[in-house]
Every structure is written in structure tokens, then in C-alpha cells.
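# Breakdown of the fold
Given next are the chains, with one letter for each unit.
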Amino acid sequence: MTLKEYLDSLSEEKRTALVGRETSDVRHEAFTEKRVVHAGLSGRLIAPEEYQNVWHRAMSMPPDGERTYTVYIHIPFCQTKCLYCGFYQNASRQEIEDVYIDDLIAEIERDAAMPHLKTVNIKSIFIGGGTPSSLSVRNAARLLAAIRENLNLCTDYELTFEGRIHDLAPERIETWLSGGVNRISLGVQSFDTILRRRVGRIEPREEVLARLTLLKCWDVTVIVDLIYGLPGQTVDLWMKDIATLMEASIDGMDLYQLNVFPHGDLARAVKAGRVPPCADVAGQADLYHAARDFLTVHGIERLSLCHWRRDPRERSLYNTLAKTGAVVYPFGCGAGGNVGGISFMHHRSIEVYHEAITRGEKPIMMMEQQKSKKLRSVSNEIIAGLEKGYVDLHRLTSLDMRLEELRILLCIWQKNGLMYQKNDLYHLTADGEFWYVSMTQSMVECAEILMCE
Ligand code: SF4
């Protein structure tokens, strides 16, 4: 099927969701909504009774040697639940945490002995959550020792420890860094005390800044995440946060768009009037552009459309590699990854995870056979380009000539003010940048239609 035939076959509603719409207000109205949280291909579901066999087959084969290898480790505990969070799993409790770290170490030791993982060098490890920084000093030290003893790390590896401000105590920081951590990613979300408390973040602005200052005593890359679109967050409040970020001693920053889960605590709190409304999509676009313009004017280097760095030691390797085709070996309850052409998610229940590890199984909750290697390369190329704001059609057609038809989509976006063409590249316009995730997903889907055998 040609792309034109495909687009003509869609209902008006589906076509608009895919390509957007003509409007004089591109920034706010080019699409009705953000189509997905993360763009990418979906695969073919594998039957649950096959999970363990498929997993063992994938891990028994030596790796192809051409890819980059990363690890994701999940810590499913938080001391408190944030109002907007859709990922909260368990309250921190020492005895449960002790058993969980035993399980996690057993999982790492077991997988590290398998042929796929045994011989590769790991470029990047991300310990995320949940709140990894909430781990006791003893458990953090045990986990980091297990990583060093079982995984082969590249000499220039990146090892990120995710955390919250209130855990930044000298003893903990010493433990993380002496255990091999070289990057700390902090979910600050906002510096504004009222806004922070409204969404369940306890520490006032002064304490957040004091703890960030404390980090200067250590040689470690520090990243801060902020969220835009929080309840009652005005452009003024948001820009005060961005200005504060510029004054703080940090190496990089991620600016994330708030996702309001339809039946989540935040949606319920807004509905009940307990917190002010959150910015709608158009309001989020204004917040994004205010920050983007400010950082551009101040000459801050952008690594992707939502990540900036102030120091070259910030590389953001895990996020970049995981989105663009690297192997991700997952460990822990609720972790997800991909190995040898399969992608999978682990169980989110800590009890189910414990039982699987005790039985000697990989704790898989869902597994997919990924699309063909060629289609994955094309998808990765599209994602990698648009993360940085452009589409290289010449490169895509060198992977598969049929992708020349993507020009139809690019021309529609050019006409709609989302893209412009310069030399061989199609670039997102400033207004188009806010919509890049939706556009990426649309391009990946259209490439899949064109490459359908
Ligand atoms: S710390 Fe992170 S994972 Fe835990 S509740 Fe808050 S946002 Fe969710």
C-alpha cells in the first residue's frame, strides 16, 4: 500500500490524529493531543507459557557484537507518594527492602553468568525507581558491589543513581560514589515550596537549594528534572524555577511535560477542588516554549528537545541509547528491557517478583517479539533524529527506498508549519518542537506501513 492510499483510507478523525491539522495557531493546535508518552514500535505478543523458554534462548546466544549494551535496575520503593505519580509501587520498609535487594542481587548474578550478558561491555547503567536514593546505606553498597562484581563495565561507563533531595546526606553520597556511581539524577520537579507541597514534595525551596549546594563537595555529574504543567503552575512560577536552575550548580536538566493519568490521584484531587487545575495541552506548550526560549537565549547546549547540559561531562547516555536501539538488560520488579529481538516487562508486584526469583525464573509479566531488524533500524533512526529536532530522509531511504514516500508526510507538516527543509534535512520549526513525540510516533507508524512485506 502506498502512503497516499493509506492516508486516504483513514477516517477524518484518525487522519487528524496521525498527521495533525491545518491551523493558524500551530503551537497550540497542530494536534488535538499528545498521541503517546514515548514513541516506538510495538511487537507481536508472546504467550505467557513461552516466556521462560524464549528468555533462555535469547540469553543463551552470544550477542551480535554490533550494538550498545545498557542495564536498567528498578528500585520500587518511595518514602511518600507524589500526587501526580503513575509509577508508585511500594512504601519503603526496611525488612522488605532487605529481601528485595537479596532478590535483585540473585537476579543479577544469575543473568550475568548467561552467554548473552557474560561477554559484553556495559556502557550505561540506570538505577531508577521509585526512589533508589532511599535505599539504606548497606543495601545501596551491596547492590553497587554486585554490579561491579558481575557486570563488565566499559572504561567510560555511565552509572546513574536516581533520587530525591531529602536523601542527599553525606554518608549516602559517599556510599554511592565509592560504589561506582558517577551521575546523580534528582527529581526536584519544582523549586516553589507551595507547588512542591501541593504535589507531595516535602522540603521547602531553601532546603532543596542547600542540598544541591552540598553536592558540590563531590565530583559527580548532577542532573535535575523539573516538570511543567503542575497544578496552579503559572508561566511566572515556571520561569522562576528555570532561573533558579540556572543559578544552581548542576550539569544538566530535563524538562518534562506533566502527564495527568485520567483516574489517578491528581485528576481526582483537581476534580474535587483540593488542588488548582493543571495546564491543558496549549498551556503546556506555552510553558515549554518559555523555558526553551530562555535557555536558547542563555546559550545552554541542548542534547535533545527536552534535555539541556551546562557541562560536557553530562552525556545522558542511558536515555539516548535506550531510546535508539541499545540492548537493555532489565533487573528488578517493574523493570523493562529488550534482548535478542524480544522486549519484555517484569511483574510490578513485589511478592510475585520474589516468588519468580525464588523459583529461579525471570520475573516476566509481558513479552513481545520485536519487529524485523531492518524496521527497528528505521524506527531508531526516526526516533534519534526527531529527539534532536530533524528528519534525515536521505539516510532513511538509504535503509529502504520505499521510505521516500515519507516525503508526503513531511510535506504536509511543512505546509502546516511544523517543519522546514534545509539542505537534505527536514527540521522541526520552533512551534513543531512541542509536538515531536506525536510526530515521531506518526512517522514510525507510516514507515511500518511502507515497509510491510
Ligand atoms: S518519588 Fe518518583 S516514583 Fe515515587 S511517588 Fe514520587 S514521582 Fe512516583
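Since this is a predicted model, take the numbers as computed values, not measurements.

### Regarding the overall build of the protein
When its secondary structure is counted, the protein shows 20 helices and 18 strands. For 453 residues, the compact-globule formula gives about 22 Å, and the C-alpha radius of gyration of the protein, at 22 Å, lands near that figure. In terms of overall dimensions, the protein has C-alpha extents of about 60 × 55 × 45 Å along its principal axes. Looking at the protein residue by residue over its 453 residues, the buried ones come to 51%. For the protein, the accessible surface area stands at approximately 19,600 Å², while carbon and sulfur atoms represent 53% of it. Distance between charge centroids for the protein: 0 Å, based on 52 positive and 61 negative side chains.

### Things to note about helix α4 (residues 51–60)
Residues Tyr51, Gln52, Val54, Trp55, Ala58 and Met59 constitute the buried set of α4. Along α4, the residues classed as buried sweep out an arc of 165° about the axis, all on the same side. Those residues of α4 that are buried lie in contact with α5 (94–112), α6 (115–118), β12 (327–331), β13 (336–339), β14 (342–346) and β15 (364–369).

### Description of the pairing of strand β5 (residues 122–129)
For a regular strand, the rule is simple: side chains alternate between the two faces of the sheet. Counting buried positions over the eight residues of β5 gives six, a clear majority of the element. In this sheet, β5 lies alongside strand β2 (residues 69–75) in parallel orientation, the contact comprising seven bridges. Of the residues in β5, the one forming a bridge with Ile73 is Ile127.

### Quick word on the side chain of Ser124
Tracing the backbone shows Ser124 in strand β5. Taking relative accessible area as the criterion, Ser124 reaches 0% and is therefore assigned buried. Among the polar contacts listed, one links the side chain of Ser124 to the side chain of Glu158, at a separation of 3.1 Å. Within the structure, the side chain of Ser124 is placed 3.4 Å from the backbone nitrogen of Tyr318, a separation counted as a polar contact. Dropping the residues within four chain positions of it, Ser124 is found in contact with Tyr69, Thr70, Val71, Glu158, Leu317, Tyr318 and Leu321.

### Some points on the sheet that holds strand β16 (residues 390–392)
The strands that make up a sheet are held in pairs by hydrogen bonds between backbone atoms, and each pair lies either parallel or antiparallel. If you walk across this open sheet you meet the three strands as β16-β18-β17, and the pairing is antiparallel. For this open sheet the edge positions go to β16 and β17 (419–422), each flanked by a neighbour on one side alone. Ignoring which end each strand starts from, the neighbouring axes of this sheet average 25° apart. Where β17 lies against strand β18 (residues 425–428), four bridges are found, and the strand directions are antiparallel. Across the sheet, the residue bridging to Lys422 is Leu425, located in β18. Packing against the sheet, helix α18 (residues 406–415) makes contact with β16, β17 and β18, and its axis sits at approximately 115° to β17.

### A few points about helix α20 (residues 436–450)
Residues lying three or four places apart along an α-helix face the same way, a consequence of the helix completing one turn every 3.6 residues. Along its 15 residues, α20 runs 21 Å from first to last C-alpha, staying within 8% of the 21 Å computed at 1.5 Å per residue. Taken across its 15 residues, α20 has 12 buried, putting it largely inside the fold. Buried within α20 are the following residues: Tyr436, Val437, Ser438, Met439, Thr440, Gln441, Ser442, Met443, Val444, Cys446, Ala447 and Leu450.

### What about the domain arrangement of the protein?
We note that the domain assignment places domain 1 (3–39 + 373–450) and domain 2 (48–323) within the protein. The distance between the C-alpha centroids of domain 1 and domain 2 comes to 29 Å. At the junction of the two partners, domain 1 supplies 19 residues and domain 2 supplies 20 residues. Summing both sides of the interface, domain 1 and domain 2 together bury roughly 1,700 Å²; the carbon and sulfur share of this comes to 53%. Contact with domain 2 buries surface across domain 1, with Glu387, Glu433 and Phe434 losing the most and accounting together for 37% of the total. Taken together, domain 1 and domain 2 are joined by three salt bridges. The salt bridge involving Glu433 is made with Arg302; its shortest N-O contact spans 2.9 Å.

### So, the pairing of β13
In the sheet, β13 pairs with β14 via four bridges, with the strands oriented antiparallel. Across the sheet, the residue bridging to Gly336 is Met345, located in β14. Turn length for the β13-β14 hairpin, with the two strands adjacent in sequence and antiparallel, is two residues, and the turn residue Gly340 shows positive phi of about 55°.

### Focus: the nonpolar core
Core analysis: the biggest nonpolar cluster contains 119 residues, and Ile73, Tyr329 and Trp413 have the highest contact counts within it. The greatest single-element share of this core, amounting to eight residues, is contributed by α20. Among all residues touching Ile73, those that are not within four sequence positions of it are Leu104, Ile108, Ile125, Phe126, Ile127, Gly128, Leu143, Ile147 and Phe331. Among the nonpolar cores identified, the runner-up in size contains 11 residues, and Cys82, Leu83, Leu258 and Ala269 belong to it.

### Re the packing of aromatic side chains
Tallied over the full model, the rule gives 14 aromatic pairs. Between the aromatic rings of Phe31 and Trp435, the centroid separation amounts to 5.7 Å while the plane-to-plane angle is 40°, which identifies the pairing as tilted. Here Phe31 is found in the loop between α3 (26–29) and β1 (44–45), whereas its partner Trp435 is found in the loop between α19 (430–433) and α20, with 404 residues between them in sequence. For the pair formed by Phe31 and Trp435, the shared burial category is buried.

### Focus: the side chain of His346
Within the element layout of this structure, His346 appears in strand β14. What makes His346 buried here is its relative accessible area of 0%. Within the local environment of His346, its side chain forms a polar contact with the backbone oxygen of Gly332, the two atoms lying 2.8 Å apart. Discounting residues that sit within four places of it in the chain, His346 has contacts with Glu107, Pro330, Phe331, Gly332, Gly334, Ala335, Lys362, Pro363, Ile364 and Met365.

Quick notes on the rules
Residues numbered from 1 in each chain as written. Predicted model: local features only at pLDDT ≥ 70, side-chain atom pairs only at ≥ 80, totals over all residues. Heavy atoms only, no water. Helix = DSSP H or I, 4+ residues; strand = E, 2+ residues; numbered from the N terminus. Rg over C-alpha atoms; globule rule 2.2 N^0.38 Å. Buried < 20%, exposed > 50% of the residue type's maximum accessible area, 1.4 Å probe, protein only. Areas by Shrake-Rupley, 256 points an atom, 1.4 Å probe, with all protein chains shown as cover. Lys, Arg positive; Asp, Glu negative; His and termini not counted. Charge placed at Lys NZ, Arg CZ, Asp CG, Glu CD. Arc of directions from axis to C-beta. Contact = heavy atoms within 4.5 Å. Pairing = 2+ DSSP bridges. Polar contact = N/O pair within 3.5 Å; in protein donor to acceptor, adjacent residues only side chain to side chain. Axes fitted to C-alpha atoms, helices over the stretch in contact; angles between N-to-C directions. Expected span 1.5 Å × (residues − 1). Domains from an automatic or database assignment. Buried area = accessible area lost by both parts, 1.4 Å probe. Salt bridge = Lys/Arg side-chain N within 4 Å of Asp/Glu carboxyl O. Core = buried A, V, L, I, M, F, W, Y, C linked by side-chain atoms within 4.5 Å. Phe/Tyr/Trp six-rings, centres within 6.5 Å; stacked < 30°, edge-to-face > 60°.

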